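Examination of the molecular architecture
These are the residues of each chain, in order.
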Amino acid sequence: MEERHKRILQRNRVNLVSDLNPSDMYDGLLSKGIFTQDMIDEIKRSGTRRDQARQLVRDLETRGSRAFPALIECLREKGQHSLPDLLLAGEPQSQPLPLPVHVRPVVRPLPVCKYAYVVKYHLIKVVIFITAPEREFGKPRATGRVRRDSIQSYKMDASPCGHCLIINNVDFEPQSELNNRTGSNIDCDKLERRFQSLNFIVLVKRNLKQKQIRQELSALSKKDHSQCDCCVVIMLSHGTEVSHNRFPGAVHGVDGPNVPVQLITNYLNGQNCPSLQGKPKLFFIQACGGGERDTGFEVTPDEDRPCIGGTDDQTDAMPMSSSSDSLSTPSDEPDARATLPTPSDILVSYSTFPGYVSWRDTQAGSWYVETLDNVLEDNAADNDLVTMLMMVNHEVSQNSAKGLYKQMPGSFNFLRKLLYFQVLPCQRPIQA
């Protein structure tokens, strides 16, 4: 919501709380896409009519530039003309309120260039000319240049670029029957510094219960992201398998109950967080995807590399019973097999393949986070995110735990464009 509209609501809050009938607004604000049904249900639970009106006005301020015009329209549709007149009294008459405009994107042809390839068939030389976008053939990208939104890459030049929420669960309550995650603070510190260097506002929350995880995600979804280009959520916790129809897996609160990854992503989708519509939403999950341990398979000598895992490796799976090697056996709840919808502009990066454990060194942190941090440090200035995640996949796949077990990260990618991070010339923390 624009600042001037926020000020109007704040200036007239007493009158709105006194005179507004929230029940008349719900259907209109829902049909106009300003509120979701879950948000309306939450407002209804806030108490009396005055309490509901107060909460409705407060939530409106987080719902983007269309929220104020939609409120005015709903008030007039219900015959409450005195409130719109009061709210518009300070508005310039020559500048009507903006209404939703459906704009068709303008697609311009990409610059092309010809590349000659010489193919020799015995004594015949054939020259093949291929016409393709310049960027496709690896022309180096100028470091630090301003990037506007295009059909090739997301706009990522806002300052700050966006919000980054890190939830780091280390110390688990006894009734959860989950071990403490020694080494996770190392992961958390690395990722906090890394995303600050990528110009994100980083907020770290530690040792959250299931309900607190959902509250933090809900608060993030209610922020006004209209001046940001991206949003990042990082979950560091124990994990398990759950039935799903979109994104597999779940992460545990320190009290034991879990939050499905599918629900985590839903908080920031285009319906629940309108100010992030069309913008990339990135989720990094350092947690087990299930209980299986991958022993890998034999490879040719040129693919074989020394393992870097050690005796301090632990899993991030939910323990079910003890095993001979003192590592807890993760759960093996089966995953559902369902069709996969395509929520746009979302990428979920998992530390391990669904169904398998994820390894963490108690002294150096998890394989996945350590590798992700190194790859971002070395390559973020020149490579897009998906390319860098393939680098992470390759590097982690070379490790071995206790000389035996392997790990394979992966991602569910529904981004529509390439994503290049900002890289600040020097690391400077941005206060959350």
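Residues numbered from 1 in each chain as written. Predicted model: local features only at pLDDT ≥ 70, side-chain atom pairs only at ≥ 80, totals over all residues. Heavy atoms only, no water.

Labelled according to an unreviewed UniProt entry, the chain appears under the name Caspase 9, originating from Oncorhynchus mykiss.

A closer look at the nonpolar core
Here is the rule: Each nonpolar core is a collection of buried residues, namely Ala, Val, Leu, Ile, Met, Phe, Trp, Tyr and Cys, held together in the definition by side-chain atoms within 4.5 Å. Relative accessibility under 20% of the residue-type maximum defines a buried residue, over 50% an exposed one, and the middle range a partly exposed one, all with a 1.4 Å probe and only protein chains included. Helix and strand definitions here come from DSSP, where helices need a minimum of 4 consecutive H or I residues and strands a minimum of 2 consecutive E residues; each element is numbered from the N-terminal end.
Grouped together as the largest cluster of nonpolar side chains are 34 residues, with contacts concentrated most on Phe195, Phe200, Leu282, Phe284 and Phe421. Counting only elements with at least two residues in this core, the list comes to strand 3 (162–168), helix 8 (184–197), strand 4 (200–206), strand 5 (230–236), strand 9 (281–286), helix 11 (367–379) and helix 12 (385–397). Among the elements that make up this core, the one with the highest residue count is helix 11 (6 residues).

Regarding the UniProt feature "active site" (unreviewed entry) in the chain
Quick note on the threshold: UniProt positions are given in the numbering used here, feature names are shortened, and annotations may be inferred rather than shown by experiment. Here a polar contact means two N or O atoms within 3.5 Å. Within protein one must be a hydrogen donor candidate and the other an acceptor candidate, and residues neighboring in sequence count only if both atoms are side-chain atoms.
Residues annotated in UniProt with the feature "active site" (unreviewed entry) correspond here to His238 and Cys288. For histidine 238, the position within the fold is in the loop between strand 5 and strand 6 (239–240). A distance of 2.6 Å separates the side chain of histidine 238 from the backbone oxygen of asparagine 179, its partner in a polar contact.

Structural notes on the confidence of the model for the chain
In plain terms, the rule: Per residue, pLDDT captures the predictor's confidence, and it can take any value from 0 to 100. Residue contacts are defined here by distance: any two heavy atoms, one from each residue, within 4.5 Å place the two residues in contact.
Predicted confidence across the chain gives a mean pLDDT of 76, with 68% of residues reaching 70 or more. Below a pLDDT of 50 lies the segment residues 289–308, which in the model reaches 51 contacts outside its immediate sequence neighbourhood of four places, other chains included. Within the model, the stretch residues 317–342 combines pLDDT values under 50 with 69 contacts to residues more than four positions away or in other chains.

Thoughts on the environment of aspartate 378
Of note, aspartate 378 is situated in helix 11. Given the relative accessible area of 58%, aspartate 378 is considered exposed. For the pair formed by aspartate 378 and methionine 388, sequence separation is 10 residues and the distance between their alpha carbons is 9.7 Å.

Details of the packing of aromatic side chains
Short version of the rule: Only Phe, Tyr and Trp rings take part, Trp by its six-membered ring, and two of them pair if their centres are within 6.5 Å. Stacked means planes under 30 degrees apart, edge-to-face means over 60, and tilted covers everything else.
By the definition in use, this model includes 7 aromatic pairs. Ring pairing ties together the aromatic residues Phe195, Phe200, Phe284 and Phe421, which thus form one cluster.

Description of the pairing of strand 9
Going by this rule: Any two strands between which DSSP finds at least two bridges are classified as paired.
The buried count for strand 9 comes to 6 of 6 residues, which makes it a mostly enclosed element. Every second residue of strand 9 is oriented toward a common face, with Lys281, Phe283 and Ile285 on one face and Leu282, Phe284 and Gln286 on the other, all of them buried. As judged from the 6 bridges shared by strand 5 and strand 9, these two strands associate in the parallel manner. Residue pairing for strand 9: valine 233 is matched across the bridge by phenylalanine 283. Two strands pair when backbone bridges link them, and strand 9 and strand 13 (residues 346–350) are joined in this way by 5 bridges, in the parallel orientation. Bridge pairing in strand 13 places phenylalanine 283 opposite valine 348.

Concerning helix 8
Just so we agree on the cut-off: Helix span is expected to be 1.5 Å times the residue number reduced by one.
Here helix 8 is 14 residues long and its end C-alpha atoms lie 20 Å apart, about the 20 Å a rise of 1.5 Å per residue gives. Residues of helix 8 that are buried include every one of Ser184, Asp187, Cys188, Lys190, Leu191, Arg194, Phe195, Gln196 and Ser197, and no others. In the stretch just after helix 8, asparagine 199 is the one whose phi turns positive, near 70°.

Considering the sheet that holds strand 6
With antiparallel pairing, the 3 strands of this open sheet are ordered in space as 6-7-8. Edge strands, defined here as strands with exactly one partner in the open sheet, are strand 6 and strand 8 (258–260). Bridging between strand 7 (residues 250–252) and strand 8 involves 3 bridges; their strand directions are antiparallel. Looking at strand 8, one finds that histidine 252 is bridged to asparagine 258.

A look at the pattern of salt bridges
How we decide: Whenever Lys or Arg places a side-chain nitrogen within 4 Å of a carboxyl oxygen from Asp or Glu, that contact is recorded as a salt bridge.
In the structure shown here, the tally under the stated rule is 16 salt bridges. Two residues, lysine 32 and glutamate 73, come together in a salt bridge whose shortest N-O distance is 3.9 Å. Taken as a pair, lysine 32 in the loop between helix 3 (22–31) and helix 4 (37–44) and glutamate 73 in helix 6 (residues 67–77) lie far apart in primary sequence, 41 residues in all. In this structure, the salt-bridge partner of arginine 194 is aspartate 373, at a minimum N-O distance of 2.8 Å. Taken as a pair, arginine 194 in helix 8 and aspartate 373 in helix 11 lie far apart in primary sequence, 179 residues in all. Judged by relative accessible area, arginine 194 falls into the buried class, the value being 10%. One salt-bridge network, in which partners are shared between bridges, spans Glu3, Lys6 and Asp224.

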